[in-house]
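# Summary of the model geometry
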Amino acid sequence: MKRHPLYFACAALGATLLLAACERSAAPPASPSEASTATGPGPAPEAPATPPRQAGPAADPALLKMAQSIFEPIPDKAQDPVDNPVTAEKVTLGKMLYFDGRLSSSGVISCNSCHNLGMGGVDGVPTSIGHGFQKGPRNAPTVYNAVFNIAQFWDGRAEDLKAQAKGPVEAAVEMNARPDDVVSTLRSMPGYVDAFTAAFPGETDPVTFDNVAKAIEAFEATLITPGAPFDEFLKGNDRALTAEQQAGLKLFVEKGCTSCHNGVNVGGKGYFPFGVFHTPPEEARPSADLGRFSVTQSTNDEYVFRAAPLRNITLTAPYFHSGQVWNLRDAVKIMGDSQLGATLTDEEADSIHLFLHALTAPMPKIEYPELPGRQDATPRPPGY
């Protein structure tokens, strides 16, 4: 009969306890001083520290020092967004709103639909499917670590996560909702009224569209992913990267990738033309999408985009704002040619690709929230 592994674990534990009991009965009685030492008051022993990662050989000190001058490890907690202190109550509310499809006019599309927290913060398709099965114009960026970006969206049209949270709710191709309808829906449910009151104490009317955005921003500010091998490396563990990843990091710097991809998010901190040396393939940079030009109307911003943050890049295919490049090695080669004027060999592209794997961190465990139930007064989605 095949036994469950727990059977053997319990059997082993029982044998260990029996052996310990036999040893105690055979041992001579402890002296009073020994007894007081063994049973007297005192702090519980600390759990042993987790040993540092030892993935490869000790890195060249010069490589570590250079990396520390260009990049930063992800902190355990992000700074609070401007004019929006993060509180536990606000995060709880923001999490509810993030997962609630009733913020959309159809009643089924939520923030998590396009920025799936179980899939690296993306939806895994070239462009997101929105209201009425319409396809959006650009690939959905990851929400993880978005708090560290200079601005939101590929063209930077949202200055912060508050502004970003409002955009998709109102966009006809995404959630297709009107702010007044969103507020009416939320006000109709006592559970939400209580949650808004707790999150925004002292406000006479806390259920507002602005506060919806603030709560979502507060929740998204907690969606960070410290703990990647590269973070450990930047904190001084010179053996956190494999030999191959160390070589890829060195090549990443030498080829000039760090001109755009630097800082805590390894990107996301500035705007750059896509096609500095050569025009990228149409699949990577569709000619009809002029990038930041649509925001500034300046010809200098034609085909300019915010540099993509590379944290957890191995989890967020397909790549580029077009979402038409599925292989990360291919994306590395396209960037080498178009941005650096460098024709990367297969070996070089693979080396950088291996380094990029060191940017992948454990994803936070997100428990799906219980959402307030609709009431008789809750507006029905249009068409029902």
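Reference entry: report on the structure contained in this document. (Residues numbered from 1 in each chain as written. Predicted model: local features only at pLDDT ≥ 70, side-chain atom pairs only at ≥ 80, totals over all residues. Heavy atoms only, no water.)

So, about helix α7 (residues 179–187). Those residues of α7 that sit buried are V182, V183, T185 and L186. Buried residues of α7, viewed axially, fall in a sector of 160°; they line one side. Close packing links the buried residues of α7 with α4 (88–99), α6 (161–170), α8 (190–199) and α9 (209–220). (Buried < 20%, exposed > 50% of the residue type's maximum accessible area, 1.4 Å probe, protein only. Helix = DSSP H or I, 4+ residues; strand = E, 2+ residues; numbered from the N terminus. Arc of directions from axis to C-beta. Contact = heavy atoms within 4.5 Å.)

Summarising the element assignment, I150 is placed in the loop between α5 (111–114) and α6. According to the relative accessible area criterion, I150 is partly exposed, its value standing at 38%. C-alpha of I150 to C-alpha of G270: the two residues are 120 residues apart in sequence and 6.7 Å apart in space.

Before going further, it helps to spend a moment on the nonpolar core. F230, F233, L249, F252 and L356 are the most contacted members of the largest nonpolar core, which has 37 residues in total. For this core, the elements supplying multiple residues, two or more each, are α3 (61–70), α10 (229–234), α11 (243–254), α13 (328–340) and α14 (346–357). Sequence-distant contacts of F252, that is, excluding residues within four places in its chain, are made with F71, C257, T258, H261, V266, L310, I352, F355 and L356. (Core = buried A, V, L, I, M, F, W, Y, C linked by side-chain atoms within 4.5 Å.)

What follows is about the pattern of salt bridges. Counted by the stated rule, this structure contains 16 salt bridges. Between D289 and R138 there is a salt bridge, with the nearest N and O atoms lying 2.8 Å from each other. Of the two residues, D289 sits in the loop between β1 (271–273) and α12 (293–296) while R138 sits in the loop between α5 and α6, which places them 151 residues apart along the sequence. For the pair shown, D289 and R138 are each scored as buried. (Salt bridge = Lys/Arg side-chain N within 4 Å of Asp/Glu carboxyl O.)

Here we take up the side chain of Q245. Note that Q245 resides in helix α11. Given the relative accessible area of 12%, Q245 is considered buried. Every residue in contact with Q245, bar those within four places of it in the chain, is listed here: L354, F355, H357 and A358.

Mapped onto the elements of the fold, R311 is located in the loop between β2 (304–306) and α13. Considered as a pair, R311 and P226 are 85 residues apart in the sequence and their alpha carbons are 9.9 Å apart. In contact with R311, other than residues within four places in its own chain, are E72, P73, I74, N145, A228, D231, V264, N265, V266 and L359. In terms of polar contacts, R311 uses its side chain to reach the backbone carbonyl oxygen of E72, at 3.2 Å. (Polar contact = N/O pair within 3.5 Å; in protein donor to acceptor, adjacent residues only side chain to side chain.)

One pass over the structure, following the stated rule, counts 11 aromatic pairs. With a centroid separation of 6.4 Å and an interplanar angle of 40°, the aromatic rings of F71 and F252 are classed as tilted. Here F252 lies in helix α11 and F71 lies in the loop between α3 and α4, a separation of 181 residues in the sequence. Neither F71 nor F252 differs from the other in exposure class; each is buried. Measuring from ring centre to ring centre gives 6.4 Å for Y192 and F196, while their planes differ by 55°; the resulting arrangement is tilted. In this pair, Y192 and F196 are both assigned in helix α8, 4 residues apart and thus about one turn of the helix distant. (Phe/Tyr/Trp six-rings, centres within 6.5 Å; stacked < 30°, edge-to-face > 60°.)

That is the geometry; function is a separate question.
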